Amino acid sequence: MKEFDISGKVALVTGGTRGLGRSISLQLARAGATVHAGYFNNETAAETFRKEVAEAGIRCLTFKANLMTSSGIQACHDQIASGRLDALVYNSATGVHKPLHDLTQRHLATVWQVNVGAFFDLAVKVLPLMQPGARIVAISSEGAHRAVDHYGAIGSSKGALEALCRQMAAEWAGRGIGVNVVAPGLLRTDTLAALPDSERRVQAEAAQSPLRRLVSLDEVARVVHFLCSAASDGIVGETIVVDGGKRVSSLSV
């Protein structure tokens, strides 16, 4: 269906060379878009991604940028040499996994700057490159809507991210720019693997899902693809939850 066609589009994916960002970059590139995949400092993951892209024969370019700096935001803007950006997917995030009483203002400032402040700076910076029909998709998490162990700094920032996206959606709809959010459930990424209780979290997530499993990175990436296409024209300022039904179910079967 032509409404789902994104061939010839130009997309910028932050945090786009590993984890969920990698899956999103590959999904969009395989669908025909030219993808600019940004990364912070993991050169090993970026090189692995570049090899994967070369083998697949798809159009996906990588670049390094620290989004906590004005030069990093400028680097994202300058990466779009064509002068036209059809989709911004903000997947960058950082976090501190501590209970609230162990958090400091420094922790909060760092998390909020990456998860909210840099998104705002980048969206405003690339706005002049976006024409009617362009899309902005931000990646949130379940912590924006419910309390999660040791997730206060991240969850509160994701709640702010979603509020900011709703405001952008309302203000920029008149420009023809669609802004939405995707909130996945727990995902198998290296970030999860680094947590000491990762397996407990996986088992708990699967037990609460009607699917009895975690959603995959590719399942989330396909939703992002949909939101970057004309098929999502009528969706404005929404948060699409992709958690296998966990949020809406209390089944114990």
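Residues numbered from 1 in each chain as written. Predicted model: local features only at pLDDT ≥ 70, side-chain atom pairs only at ≥ 80, totals over all residues. Heavy atoms only, no water.

*Asks:* How would you explain the sheet that holds strand β6 (residues 178-184) if you had to name every residue and give the values?
*Replies:* Here 7 strands make up an open sheet; going across it, the order is β3-β2-β1-β4-β5-β6-β7 and the pairing parallel. Of all strands in the sheet, those bounded by a partner on one side alone are β3 (60-64) and β7 (239-242). Looking at each pair of strands side by side, their axes are set apart by 20° on average, direction ignored. Sheet analysis places strand β4 (residues 87-90) next to strand β5 (residues 135-139), joined by 4 bridges and oriented parallel. Bridge assignment links Tyr 90 to a residue of β5, and that residue is Ala 138. Lying over the sheet, helix α5 (residues 152-172) contacts β5, β6 and β7, oriented at roughly 155° with respect to β6. (Pairing = 2+ DSSP bridges. Helix = DSSP H or I, 4+ residues; strand = E, 2+ residues; numbered from the N terminus. Axes fitted to C-alpha atoms, helices over the stretch in contact; angles between N-to-C directions. Contact = heavy atoms within 4.5 Å.)

*Asks:* Explain the layout of surface pockets to me, and be specific about the residues and the numbers.
*Replies:* As a volume, the second largest pocket reaches approximately 230 Å³. Taken together, 19 residues make up the lining of the second largest pocket; nearest its centre are Lys 9, Gly 133, Cys 228, Ser 229 and Ala 230. Within the lining of the second largest pocket, the residues separate by chemical class into 9 nonpolar, 3 polar and 7 charged. (1 Å grid on protein atoms, 1.4 Å probe; cavity = no way out; pocket = protein on both sides within 12 Å on 5 of 7 lines; lining within 4 Å. Points joined across faces, edges and corners; volume = space filled by probe spheres on them. Nonpolar A, V, L, I, M, F, W, Y, C, P; charged D, E, K, R; others polar.)

*Asks:* Tell me about the pattern of salt bridges, residues and numbers included.
*Replies:* Tallied over the entire structure, the rule returns 7 salt bridges. Arg 50 is the partner of Glu 47 in a salt bridge, and the nearest nitrogen-oxygen pair spans 3.2 Å. In this pair, Glu 47 and Arg 50 both sit in helix α2 (residues 43-56), 3 residues apart, roughly one turn of the helix. In this structure, Asp 86 engages Arg 84 in a salt bridge whose closest nitrogen and oxygen atoms are separated by 2.7 Å. Residue Asp 86 is classed as buried on the basis of its relative accessible area of 11%. (Salt bridge = Lys/Arg side-chain N within 4 Å of Asp/Glu carboxyl O. Buried < 20%, exposed > 50% of the residue type's maximum accessible area, 1.4 Å probe, protein only.)

*Asks:* Could you give me a rundown of the nonpolar core, with the residues and numbers involved?
*Replies:* Counting 31 residues, the largest nonpolar core has Leu 85, Leu 88, Phe 119 and Ile 136 as the members making the most contacts within it. Those elements that provide at least two residues to this core are β1 (10-14), α3 (70-79), β4, α4 (105-126), β5, α5 and β6. Considering every element that reaches this core, the biggest residue donor is α4, with 6 residues. Aside from chain neighbours lying at most four places away, what touches Ile 136 is Leu 88, Phe 119, Ala 123, Met 130, Trp 172, Ile 177, Gly 178, Val 179 and Asn 180. If you look at the next biggest cluster of nonpolar residues, it comprises 30 residues, including Ile 24, Cys 60, Val 215 and Leu 227. (Core = buried A, V, L, I, M, F, W, Y, C linked by side-chain atoms within 4.5 Å.)

*Asks:* Provide a residue-level description of unusual backbone geometry, including the pertinent values.
*Replies:* Positioned with a positive phi, His 150 is a non-glycine residue whose angle comes to about 60°. You can see His 150 is positioned in the loop between β5 and α5.

*Asks:* Now, about the environment of Glu 162: what can you tell me, with residues and values included?
*Replies:* With respect to the helices and strands, the residue Glu 162 is situated in helix α5. Given the relative accessible area of 2%, Glu 162 is considered buried. In sequence terms Glu 162 and Val 116 are 46 residues apart; their C-alpha atoms lie 9.2 Å from each other. In this structure, Glu 162 is in contact with Ser 140, Ser 141, Ala 144, His 145, Val 181, Ala 183 and Thr 239, ignoring residues within four places of it in sequence.

*Asks:* Tell me about α5, and please be specific about residues and values.
*Replies:* With 21 residues, α5 should cover 30 Å at 1.5 Å per step; its first-to-last C-alpha distance of 30 Å lies within 8% of that length. Of the surrounding elements, those touching the buried residues of α5 are α4, β5, β6 and β7. (Expected span 1.5 Å × (residues − 1).)

*Asks:* Any details on the side chain of Thr 17? Residues and values, ideally.
*Replies:* Examined against the element boundaries, Thr 17 turns out to sit in the loop between β1 and α1 (19-30). Once you skip the residues sitting within four places of it in the chain, Thr 17 turns out to touch Arg 22, Ala 37, Gly 38, Tyr 39, Ala 45, Ala 46, Phe 49 and Thr 62.

*Asks:* Give me the lowdown on the pairing of β6, citing residues and values where you can.
*Replies:* Every other side chain in a regular strand lies on the same face of the sheet, so the side chains alternate between the two faces. A large share of β6 lies buried, amounting to 7 of its 7 residues. By the bridge criterion, 5 bridges tie β5 to β6 in an arrangement that is parallel. When the bridges of β6 are listed, Val 137 appears paired with Asn 180. This β-α-β element, β5 to α5 to β6, shows right-handed connectivity. (Right-handed = clockwise from strand over helix to strand, strands pointing away.)

The analysis is restricted to geometry; functional conclusions fall outside its scope.
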